[in-house]
Each structure stands twice: as C-alpha cells, then as structure tokens.
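Notes for the structure review
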Amino acid sequence: MGILEKISEIEKEISRTQKNKATEYHLGLLKAKLAKYRVQLLEPTKGSGLKVGGEGFDVMKSGDARVALIGFPSVGKSTLLNKLTKTHSEAGAYEFTTLTCIPGKIEHNGANIQLLDLPGIIEGAAQGKGRGRQVIAVARTADLIVMMLDATKSGQQRTLLERELEAVGIRLNRGKPNVYFKVKTGGGISFNATVKLSHLNEKMVYHILHDYKIFNAEVLVREDITVDEFIDVVLGNRKYIKCLYVYNKIDSITLEELDKLAHELNTIVISCEMDLNLDYLVDQMWRHLNLLRVYTKKRGEYPDLEGGLIVRKGATVEHVCHAIHRSLADEFRYALVWGTSTKHNPQRVGLSHIVDNEDIIQVVKKK
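Residues numbered from 1 in each chain as written. Predicted model: local features only at pLDDT ≥ 70, side-chain atom pairs only at ≥ 80, totals over all residues. Heavy atoms only, no water.

For the chain, the name recorded in an unreviewed UniProt entry is Rbg2p, with Rhizophagus irregularis as its organism.

Structure follows, in structure tokens:
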C-alpha cells in the first residue's frame, strides 16, 4: 500500500469515527500517523516509491518582504499582479493561463515588496496534483499569503484552499503554540503542564512521541493546546504565516453580499477590472507584513526624510545599525531618537531600544 492510499484510509477512518471523550485518544493517534505520512509525501525519500526532485520554481528572494498570491485558476491573480506592479503576467478568460511563477515588485512607503503570481492550484494540490507541490513550496517561503477568491463563487473555495495549505504544514493567521519541547539522549519522557489541558493528556503525549520513535524528551505545555498543535510542535517544520483573504470581482455581486464579505476577519474586497480598493489592499499588505520605516540623521543636519530604512516591527536600534553598516554596532556609543517610541524628544538610548514607525535616529560612535 502506497503513502497516498495510507493517507486516504486514515482520513476515512477519522471521518467515520464519532468525536467524543471515549474516542479522542484513538483520534489523536490517527492524526499523528496522518501527519507522519504527509511529511513523507512532501519530503519523499528514495525508498518511498515516490518521485524525488522534479522541476520547481526557482525565484530568488528580493526586496524587503515576499508576498505569494494563491488561489484557484482564473480568479484574477495575474490581473492583480499587472495592476500593482510593472511586470506583465499573461491574463486570460480561461483556466491555467499562468503555468510558472512570475515575480513582480511593489514600491510602497519606501519598501520593495516582492509579489509572486503562482499558478492556480486545484483540489488535491497537497498530494502533488496540478504542480501543487511546487506552488506550495514557494508559498512556505513567503512572509504573507494573499489568498485570491472569486466573490461570485461559493464560500467553499476558501475552505478548500485552507485545507490544502493545512495539509502541507502551513498555518494561517495562527501563532506558534507556547510549548517547550526538547529531544534528549536519555532520561525518558518528562511531561509537565502549567495550565489545565482539555484536549491533551500525558498518556496521549507518550504514545504520539513513541509513534515518532522519540523515547527521551522534555515537554512543558504553557497553554491549552489541541492534539494537532502538539503534533505540529513535535514535527517542528510548520510555517506560521499571516494571510489576507482577497475577494475579487465584487462588481458582479449585490451590495448585501459585498457587505457580508467585507465584514469577515482579515478580508479585503476588490475589483481588478474596475480598479476598486487596490490602494487599500497594498496598505493592508504593508500593515500585515509588520514593516516599519525609520529615518537617519547626521549631527547638525536635517534628517534624511527622502530615503529611510525598512525594518520589521519589534526591531531595535541594533537592527537599525546593522541595516546602515554591519560594523556600526561595534563602534556604537549611544543613539538619539525622535519619535513615538520615546518618552521625550530627543531621548538618549542604547542598542536594545525598540524603534517605532517613522522614528528619527542619530547614532553617536565611540571616539
């Protein structure tokens, strides 16, 4: 029996098993096996009988951030790329117009954002159908996923795409579980929890770890997690990526339907054909990428408000020093900062000071 057949058998057994207190332990073990086989499917070995390698989308990462456009065929991904960037991507009224990965560049608030137009994926992409494996491999390298959806079609399309991405270890709009997990060389399995667990217990943790041939480990659970989240921690190869759900073709639906879609979480409604709401989409990309723009200032001079440096939210003065020059942090004495991150302007700060958007920084070096 091949891996695909094994996955299908386990999925069938999970679907026909009733979910209650008596079966949650059995379901937990089935989910652990399912995740194990899916990893083997994505990273096949020579002895697995699956084809190793194959043509991928070799696109060099450039700019300050990378955004991947994902969606079913003919939802307007290529049209959006053409509207937002100076790149031309073939757009047509038929499906599978785009057959490879086409990169473009958005310039916004001084940042260069790489936008990737990926081929449309179909149901079963996680098993490799329709170049799905290559598409999803590129999506795992993105800082933000823009899921393009057709406003004129059913809401089932969003669920299907989320399921495909979930199957290959991409977790959308979720944080990493607060669990300390470390494999050791001896001492057995040590399990502790600082909160009351409603989905997980010690026996289940032991069996899941044994299923992955882990017999010595330390586990400390700091939040009430599910069995699936614990399996994600054990595997350690999950990607936690922010996602924007973008509904295109809003010019073809009623105002009531539009209002309902617009009020959904992390959702933006646009029309590529009529250029509706595209500027707001770019602004939301910037916000969800957690990018900040900071300005530098030389002593006795006005700040350079034309250029600016692009850093991530949570960046410190040390990160800014590295962005200016890699040796600047070694020669750093102190910095003067003007902006919303300070208590007064200017404030003398050290390397660990966290900067905010549009702060002005003057670095003073050692003599």
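Side note on the overall build of the chain
How we decide: Note on conventions: DSSP H or I runs of at least 4 residues are helices, E runs of at least 2 residues are strands, and numbering of each starts at the N terminus. The classification of residues rests on relative accessible area computed with a 1.4 Å probe and restricted to protein chains. Under 20% of the type maximum is buried, over 50% is exposed, and intermediate values are partly exposed. Residues are treated as being in contact if the distance between any of their heavy atoms lies within 4.5 Å.
Secondary structure summary: the chain contains 10 helices and 15 strands in total. Per-residue burial over the chain gives 44% buried out of 367 residues. For the chain, long-range pairs separated by at least 24 residues make up 64% of all intrachain contacts whose partners lie at least 6 apart in sequence.

Considering the packing of aromatic side chains
Rules: In summary, the pairing rule links any two rings of Phe, Tyr or Trp, Trp by its six-membered ring, whose centres are within 6.5 Å, and it sorts them by plane angle into stacked for under 30 degrees, edge-to-face for over 60 and tilted for everything else. Whether a charge lies above a ring is judged from NZ of Lys or CZ of Arg, which has to be within 6 Å of the ring centre and within 35 degrees of the ring normal.
Across all of its chains, the model carries 0 aromatic pairs by this definition. When the ring centre of Tyr334 is taken as reference, the NZ or CZ atom of Arg348 above it lies at 3.8 Å.

Observations concerning the side chain of Gln347
Here Gln347 is to be found in strand β14 (residues 347-349). Excluding residues that lie within four positions of it along the chain, Gln347 makes contacts with Ala335, Leu336, Val337 and Thr342.

Here we look at the nonpolar core
Note the threshold: Throughout, nonpolar core names a set of buried Ala, Val, Leu, Ile, Met, Phe, Trp, Tyr and Cys residues whose side chains join them through atoms within 4.5 Å.
One finds Leu80, Leu84, Ile170 and Met285 to be the most contacted residues of the largest nonpolar core, which totals 58 residues. Excluding residues within four positions of it along the chain, Met285 makes contact with Val67, Leu84, Ile106, Leu115, Leu144, Val146 and Leu244. Formed by 23 residues, the second largest nonpolar core is a distinct cluster that contains Val179, Phe181, Val205 and Ala217.

A look at the environment of Ser8
By the secondary structure assignment, Ser8 is in helix α1 (residues 3-16). A relative accessible area of 28% places Ser8 in the partly exposed class. Ser8 sits 26 residues away from Leu34 along the chain, and the two C-alpha atoms are 9.2 Å apart.

Considerations on the sheet that holds strand β12 (residues 309-312)
Put simply, the rule is: One bridge is not enough; two strands pair if DSSP finds at least two bridges between them. Fitted lines through C-alpha atoms give the axes, limited to the stretch in contact for helices. The angle between two N-to-C directions lies from 0 to 180 degrees.
Taken together, 5 strands build an open sheet; the order of strands is β12-β11-β15-β13-β14 and the sheet is mixed. In this open sheet, the two strands that pair with only one neighbour each are β12 and β14. Sheet twist, expressed as the mean angle between neighbouring strand axes with direction ignored, is 40°. By the bridge criterion, 3 bridges tie strand β13 (residues 332-338) to β14 in an arrangement that is antiparallel. Within the sheet, the bridge partner assigned to Leu336 lies in β14 and is Arg348. Taken strand by strand, helix α10 (residues 317-324) contacts β11 (291-296), β12, β13, β14 and β15 (360-365), and its axis lies near 140° from that of β12.

Observations regarding the pairing of strand β4 (residues 144-150)
On a regular strand, one side chain projects to one face of the sheet and the next to the other, so that they alternate. With respect to burial, β4 is a largely interior element, 7 of its 7 residues being buried. The sheet contact formed by strand β1 (residues 65-71) and β4 spans 5 bridges and is parallel. Its bridge partner being in β4, Ile70 is matched across the sheet by Met147. Pairing analysis gives 7 bridges linking β4 to strand β9 (residues 239-248), with the strands arranged parallel. Along β9, the bridge assignment pairs Met148 with Val246.

What about helix α3 (residues 77-84)?
For an α-helix, the turn length of 3.6 residues means that residues three or four places apart are oriented alike. This is how it is decided: The directions from the helix axis to the C-beta atoms form the arc being described.
Residues of α3 that are buried include every one of Lys77, Ser78, Leu80, Leu81 and Leu84, and no others. For α3, the angular spread of the buried residues around the axis is 160°, confining them to a single face. Check the buried side of α3 and you find it contacts β1, β2 (102-108), β3 (111-117), β4 and α9 (278-288).

Looking at the confidence of the model for the chain
Worth spelling out the cut-off: The predictor attaches a confidence to each residue, and that confidence, scored 0 to 100, is pLDDT.
Per-residue confidence for the chain averages 83 on the pLDDT scale, and 87% of its residues sit at or above 70. Segment residues 45-56 is flagged for pLDDT under 50; beyond a separation of four residues in sequence, or across chains, it makes 14 contacts in the model. Counting contacts from residues 93-97, a segment whose pLDDT is below 50, to residues more than four positions away or on other chains yields 10 contacts.

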